[in-house]
Amino acid sequence: MTRAILEVRNLAKAFGAFQVLEDVAFQVQKGEIVGLLGPNGSGKSTLLNIISGFIAPDKGTVMLDGRDVTSVPTFRIVNEGLARTFQLPIMPQKMSVLEVAMAADTTMHGVLPTLFRGAGFCKAERDTRERAMQLLDELLLTRVMHLPASAISGGQKKLLGIVCALMARPRLLMLDEPTAGVHPNLRQDIVRALHRLNDQGMTLVIVEHDMHFIREACNRCIVLDQGHIVASCKPEELASNER
């Protein structure tokens, strides 16, 4: 049996007296595109924050490609191959779209390489620039790449957030409502871009409210309600699921 790229085991989380997640368990297999659905307050964002290392669970385990990453610092989880986007990305005031994308390349970080800019660093910087420009083109942001990142539209900021996550070269990409604020004409482009990534071997988990988008993008849904998983099925089977 193929090892799951993501396995969540019996996660629980409470904030004060409010139990947000209770005994949440599921797996995501390599190559899947999984939609994570549920009403507001169902625990989706908390689950995403636990998996990506932003908050610790009260109990339970998160396994990434067979390794326990529960409560591991976020940057280490990124280095292990998991990246995520956010619902409301906040962009720097004085950096261009291209500069923000380049800054997201984790291979470029470090004090010594920055201070001692040798031939190797310059080549890495050129490679980073080329990769950033390629991803900006794929996500339809080439025409705004020299604008301040803070000046582009909300939908374009969501697309830039996806570019930044991809700069980390993840094997598993988790997207938090990627179509929120995006012009309807761009949604099909996002679906096509996500399918291209999936064809290249990337696994995707998408938190989303738009069922039309989920039906087009995902091959499986996991549904949360009041902190519990109530369904795991194909998108087209969701309407007939009694729970």
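A. Just the packing of aromatic side chains, in detail. Per the stated rule, a full pass over the model turns up one aromatic pair. Judged by centre distance (5.5 Å) and plane angle (90°), the ring pair of F54 and F86 falls under edge-to-face. Of this pair, F54 sits in the loop between helix 1 (44-51) and strand 4 (59-64) while F86 is found in the loop between strand 6 (82-84) and helix 3 (97-103), placing the two residues 32 residues apart along the sequence. Judged by its relative accessible area of 37%, F86 is partly exposed.

B. Highlighting the pattern of salt bridges. This structure, assessed with the given rule, holds eleven salt bridges. Across the salt bridge formed by R220 and E32, the nearest N and O atoms sit 2.8 Å from each other. Of this pair, R220 sits in strand 9 (residues 220-225) while E32 sits in the loop between strand 2 (18-28) and strand 3 (33-37), placing them 188 residues apart in sequence. When salt bridges with common partners are traced through the structure, they connect R3, K30, D65 and R171 into a single cluster.

C. The arrangement of the environment of T142 in detail. Along the polypeptide, T142 turns up in the loop between helix 5 (119-138) and helix 6 (154-167). Given a relative accessible area of 34%, T142 falls into the partly exposed group. Only 3.3 Å separates the side chain of T142 from the side chain of D137, close enough to count as a polar contact.

D. Quick peek at helix 6. In this model, helix 6 (14 residues) spans 20 Å end to end at C-alpha, consistent with the 20 Å of a helix rising 1.5 Å per residue. Here helix 6 lies mainly inside the structure; 13 of its 14 residues are buried. Directly beyond the C-terminal end of helix 6, a positive phi value near 55° is found at R169.

E. Seen up close, the pairing of strand 2. As defined by bridge partners, strand 1 (residues 6-15) adjoins strand 2 across seven bridges and the pair is classed as antiparallel. Within the sheet, the bridge partner assigned to K13 lies in strand 2 and is L21. Connecting the antiparallel pair strand 1 and strand 2 is a turn made up of two residues, with G16 showing a positive phi of about 65°.

F. View of the sheet that holds strand 9. With mixed pairing, six strands are arranged side by side in an open sheet as 6-7-8-3-9-10. Of all the strands in the sheet, the pair left with one neighbour each is strand 6 and strand 10 (228-233). For this sheet the average axis-to-axis angle between neighbouring strands, irrespective of direction, equals 20°. When strand 9 meets strand 10, the two strands line up antiparallel, connected through five bridges.

Each value, and the rule that gives it
- Residues numbered from 1 in each chain as written.
- Predicted model: local features only at pLDDT ≥ 70, side-chain atom pairs only at ≥ 80, totals over all residues.
- Heavy atoms only, no water.
- Phe/Tyr/Trp six-rings, centres within 6.5 Å; stacked < 30°, edge-to-face > 60°.
- Helix = DSSP H or I, 4+ residues; strand = E, 2+ residues; numbered from the N terminus.
- Buried < 20%, exposed > 50% of the residue type's maximum accessible area, 1.4 Å probe, protein only.
- Salt bridge = Lys/Arg side-chain N within 4 Å of Asp/Glu carboxyl O.
- Polar contact = N/O pair within 3.5 Å; in protein donor to acceptor, adjacent residues only side chain to side chain.
- Expected span 1.5 Å × (residues − 1).
- Pairing = 2+ DSSP bridges.
- Axes fitted to C-alpha atoms, helices over the stretch in contact; angles between N-to-C directions.

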